[in-house]
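Inside the fold
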Amino acid sequence: MRKDKKVHIQTFGCQMNVSDSERMLQLLSGIGYHHVDNWKEADLLILNTCSVRSKAEEKIYSILSTIKGKLKRNSGLIIGVGGCVAQQEGEKLLKMAPHLNFVCGTHNIHLLPQMVKEAEAGKRVSDTAFIDNEMRFDLFPKEYQATGVSHLVTIMQGCDNYCSYCIVPYVRGREASRQAEDILAEIKSVASKGVREVILLGQNVNSYNLGAGSANFPALLTKVAEIDNIERIRFVTSHPKDISSELVNSFSTVKKLCSHIHLPVQAGSNRVLAMMNRGYSREEYLLKIEQLKKARPGISVTSDIIVGFPGETEEDFKETLALVEEVGYSDSYCFVYSPRPETKAAEMPDPVPKDEKQERLERLLELQRGLSKTHNMSLEGSVQKVLVEGSGGKTGQISGRTSGNRIVNFPGSAELVGNFVDVKIIRGYQNSLLGELVS
Ligand code: SAH
Ligand code: SF4
Ligand code: F3S
């Protein structure tokens, strides 16, 4: 076996895909592949894809076509598609792109080494079969590599919520939790390799429900907090309907839990929330925010928001604006609604013109830009504990994150990477903070 084969993975979409790509690299290193930054140098190219909005999906087709144009004759490059577009389209992708060698579904990452070997032998393969909930996590690696100071840990996968606009339940399958002892073993292992922060991952982490003594998510958080060398715990994504009072309380009792929660509201109008099948009202959402702010004063709250859901009126949209202002999000990811295959919302009448949706998005983005800046400016003069992650925006600068998940750039030496330092915030910009080391 050649030992020096090169792979390039291009990752799209959410942190689950980032974590899956790490798992892919680890599995591929077992068959002699190491990562390179440029696909043109690679023997194997994998696109780990996202299909949450149609633009994300279309991007993959456009990249595949660009690659085809650039491919030298008999280059021998093996090309694979993984992630949510692979799951959604399966074998059809092989028909559509004759230069594609394999399609690997979201539940089939463990098969990757085998698929690559078959592709090396000249076969074209696709596997997108879902794996039973009980089996899914048994197929995870037993030993984990740690690549930085922060490590993504999958604690559950899949989603049973079926929000009417969302493709995720179809491409990630049913909700399943991973055994607490396996999660804790992974975290202990990476903690011994220099990791200081873990990000617990799942499409819906609040639904976590497995393992002796860790029957639910708040109990799991307590267990994770007991692990030496792990000083920060984050989690994504939470569903507002599943934020229990116990989880709110964790923000008072679990000191290692960071002062940040990503709690996607999606819309501010009860009419739209009901059409979205979100399972909470505006009032219930705001009450949870109030409780979280009480449990952890100064907590930074971020959100995802969909603009122009089918039938959203100007009045509905104004309720979204008012909610965004009331919560005072430190950041939010705002997108125009995109109809997705198989979803209920794709069948709903949608009389709002495209331009109007775009105009609403601009208004929302402008509001959020102001709120982000206000939030960041409110930190000016404060001293923040920062976990240094790497080099900063400018030469001579390093950068890291506050507990509230704000990025801080400050002058300092690269030797500090991986350490916690105290940084005084000099200036709050829209997307980041500028600081100086406190000696
Ligand atoms: N599990 C997470 C989010 C997963 S998808 C949660 O429940 O919040 C990430 C984000 O993509 C969603 O929060 C939503 O804001 C956005 N999204 C999902 N489907 C979409 C669609 N059809 N059009 C536009 N945005 C969408
Ligand atoms: Fe999609 Fe809703 Fe599930 Fe989130 S909770 S992944 S938005 S269906
Ligand atoms: Fe995209 Fe799949 Fe994540 S659709 S957002 S990569 S779960």
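Now for a description of the structure that goes with this document.

About the cut-offs
Residues numbered from 1 in each chain as written. Chains lettered and ligands numbered in written order. Predicted model: local features only at pLDDT ≥ 70, side-chain atom pairs only at ≥ 80, totals over all residues. Heavy atoms only, no water. Pairing = 2+ DSSP bridges. Helix = DSSP H or I, 4+ residues; strand = E, 2+ residues; numbered from the N terminus. Axes fitted to C-alpha atoms, helices over the stretch in contact; angles between N-to-C directions. Contact = heavy atoms within 4.5 Å. 1 Å grid on protein atoms, 1.4 Å probe; cavity = no way out; pocket = protein on both sides within 12 Å on 5 of 7 lines; lining within 4 Å. Points joined across faces, edges and corners; volume = space filled by probe spheres on them. Nonpolar A, V, L, I, M, F, W, Y, C, P; charged D, E, K, R; others polar. Near = heavy atom within 4 Å. Core = buried A, V, L, I, M, F, W, Y, C linked by side-chain atoms within 4.5 Å. Buried < 20%, exposed > 50% of the residue type's maximum accessible area, 1.4 Å probe, protein only. Expected span 1.5 Å × (residues − 1). Phe/Tyr/Trp six-rings, centres within 6.5 Å; stacked < 30°, edge-to-face > 60°. Lys NZ or Arg CZ within 6 Å of the ring centre and 35° of its normal. Polar contact = N/O pair within 3.5 Å; in protein donor to acceptor, adjacent residues only side chain to side chain. Areas by Shrake-Rupley, 256 points an atom, 1.4 Å probe, with all protein chains shown as cover.

Digging into the sheet that holds strand β7 (residues 150–154)
- Reading across from one edge, β7-β10-β11 is the order of the three strands in this open sheet, with parallel pairing throughout. With one partner strand each, in any of the chains shown, β7 and β11 (232–236) form the two edges of the open sheet. The sheet shows a mean angle of 25 degrees between the axes of neighbouring strands, taken without regard to direction.
- Bridge count between β7 and strand β10 (residues 197–201): five bridges; the pairing is parallel. Residue Val 153 lies in a different strand from β10, and its bridge partner there is Leu 200.
- Helix α1 (residues 15–29) rests against β7, β10 and β11 of the sheet, and its axis sits at about 95 degrees to β7.

Observations concerning the environment of Arg 340
- Within the secondary structure, Arg 340 is located in the loop between β14 (331–336) and α14 (354–378).
- The spatial distance from the C-alpha of Arg 340 to the C-alpha of Asp 350 is 13 Å, given a sequence separation of ten residues.
- Not counting the four nearest positions on each side in its chain, Arg 340 is found in contact with Ser 51, Val 52, Arg 53, Ser 54, Glu 57, Gln 88, Tyr 165, Ile 167 and Ala 346.

What to know about empty space enclosed by the protein
- Within the structure shown, the criterion is met by two cavities of 30 Å³ or more.
- By volume, the largest cavity amounts to about 80 Å³.
- Among the residues forming the lining of the largest cavity, the class breakdown is three nonpolar, five polar and two charged.
- Taken as a whole, the second largest cavity encloses approximately 30 Å³ of empty space.
- For the second largest cavity, the full set of lining residues is Arg 234, Phe 235, His 260, Ile 261 and His 262.
- Of the residues forming the lining of the second largest cavity, the biggest block, three residues, is contributed by strand β12 (residues 260–262).
- Residue classes in the lining of the second largest cavity are distributed as two nonpolar, two polar and one charged.

Quick word on unusual backbone geometry
- Looking along the chain, the bond that leaves Val 236 and enters Thr 237 is cis, with omega of -10 degrees.
- Here Thr 237 is to be found in the loop between β11 and α10 (245–253).
- Even without a glycine there, the phi angle at Asn 229 is positive, about 75 degrees.
- Secondary-structure assignment places Asn 229 in the loop between α9 (217–225) and β11.
- Even without glycine at this site, Asn 277 takes up a positive phi of about 65 degrees.
- The topology assignment puts Asn 277 in the loop between α11 (270–276) and α12 (282–295).

A short note on the site of ligand 2
- Taken together, Cys 159, Asn 161, Tyr 162, Cys 163, Tyr 165, Cys 166, Val 168, Pro 169, His 239 and Arg 278 are the residues near ligand 2.
- Considered class by class, the residues forming the shell around ligand 2 number seven nonpolar, two polar and one charged.

Overview of the nonpolar core
- Ranked by size, the top nonpolar core spans 70 residues in total, and within it Leu 200, Phe 217 and Phe 235 carry the most contacts.
- In terms of residue count, helix α8 (residues 180–191) provides more of this core than any other element does, six residues in total.
- Apart from residues no more than four positions distant in its own chain, Phe 235 is found in contact with Leu 200, Val 205, Phe 217, Leu 221, Leu 247, Phe 251, Leu 257 and Ile 261.
- Counting 21 residues, the second largest nonpolar core, distinct from the first, contains Leu 45, Ile 63, Ile 67 and Leu 77.

Remarks on α1
- Relative to the 21 Å expected for 15 residues at 1.5 Å per residue, α1 spans 21 Å between its end C-alpha atoms, a close match to the ideal helical length.
- Every buried residue belonging to α1 is among Met 16, Asn 17, Ser 19, Asp 20, Ser 21, Arg 23, Met 24, Gln 26 and Leu 28, and all of these are buried.

Here's the deal with the packing of aromatic side chains
- Tallied over the full model, the rule gives seven aromatic pairs.
- Residues Phe 235 and Phe 251 carry aromatic rings whose centres are separated by 6.1 Å and whose planes lie at 55 degrees to one another, so their mutual orientation is tilted. With a gap of 16 residues between them, Phe 235 in strand β11 and Phe 251 in helix α10 connect regions that are remote in the sequence.
- Assessed through its relative accessible area of 1%, Phe 251 is described here as buried.
- Here the aromatic rings of Phe 309 and Tyr 337 are separated by 5.5 Å at their centres, their planes lie at 65 degrees, and the arrangement is edge-to-face. Placement of the pair is Phe 309 in the loop between β13 (300–307) and α13 (314–327) and Tyr 337 in the loop between β14 and α14, with a sequence separation of 28 residues.
- Given a relative accessible area of 0%, Phe 309 falls into the buried group.
- On the basis of relative accessible area, Tyr 337 is assigned to the buried category, the value being 8%.
- Ring pairs connect the aromatic residues Tyr 165, Phe 309 and Tyr 337, which therefore count as one cluster.
- A cation sits over an aromatic face here: Arg 23 above Phe 140, 3.8 Å from the ring centre.
- One cation-aromatic arrangement involves Lys 385 over Phe 420; the distance from NZ or CZ to the ring centre is 4.7 Å.

Some remarks on the site of ligand 1
- The full set close to ligand 1 counts 14 residues, and Tyr 165, Gln 203, Gln 266, Asp 304 and Ser 338 are the nearest of them.
- Within the contact set of ligand 1, a nitrogen atom lies 3.3 Å away from a side-chain nitrogen or oxygen of Arg 53.
- Between ligand 1 and Gln 203 there is a distance of 2.7 Å, counted from a nitrogen atom to a backbone nitrogen or oxygen.
- Isolated, ligand 1 exposes 540 Å² of accessible area, and the fraction of that covered by the protein chains is 87%.
- The class makeup of the residues in the shell around ligand 1 is six nonpolar, four polar and four charged.

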